[in-house]
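Listed below, chain by chain, are the residues.
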Amino acid sequence: MHEQIQIDTEYITLGQLIKLLNFLESGGMVKTFLQEEGALVNGHLEQRRGRKLYPKDVVEITGIGSYIVIKED
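A short tour of the structure in this document, coming up. What you are looking at is a predicted structure, and each value in this text was computed from that prediction instead of being measured.

### Some words on unusual backbone geometry
Here is step 1: If you check the backbone angles, Asn-42 has positive phi at about 55° while not being a glycine.
Here is step 2: Relative to the elements of secondary structure, Asn-42 occurs in the loop between β3 (39-41) and β4 (44-46).
Here is step 3: Asn-42 sits in the partly exposed class, given a relative accessible area of 36%.
Here is step 4: With phi around 80°, Lys-56 is a residue other than glycine that occupies positive phi space.
Here is step 5: By the secondary structure assignment, Lys-56 is in the loop between β5 (52-53) and β6 (58-61).
Here is step 6: Relative accessible area serves as the criterion here: at 70%, Lys-56 is assigned to the exposed category.

So, how was this worked out
Residues numbered from 1 in each chain as written. Predicted model: local features only at pLDDT ≥ 70, side-chain atom pairs only at ≥ 80, totals over all residues. Heavy atoms only, no water. Helix = DSSP H or I, 4+ residues; strand = E, 2+ residues; numbered from the N terminus. Buried < 20%, exposed > 50% of the residue type's maximum accessible area, 1.4 Å probe, protein only.

If you want it as structure tokens, here you go:
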């Protein structure tokens, strides 16, 4: 089961999502983490912190968890 991440905007970037999770504190740490480890977005490896995530996108971060982006109307 995926934990839900609710957004109020059209999209959220992967870097913003990771910072929102309080997993890493700074943009620099997020950039390094993604370059070294990456995250799975809809089953595909993603290493760009600027990757836009839209509602229904699923993000899996090894050792952290699995998340689905949602937006309530």
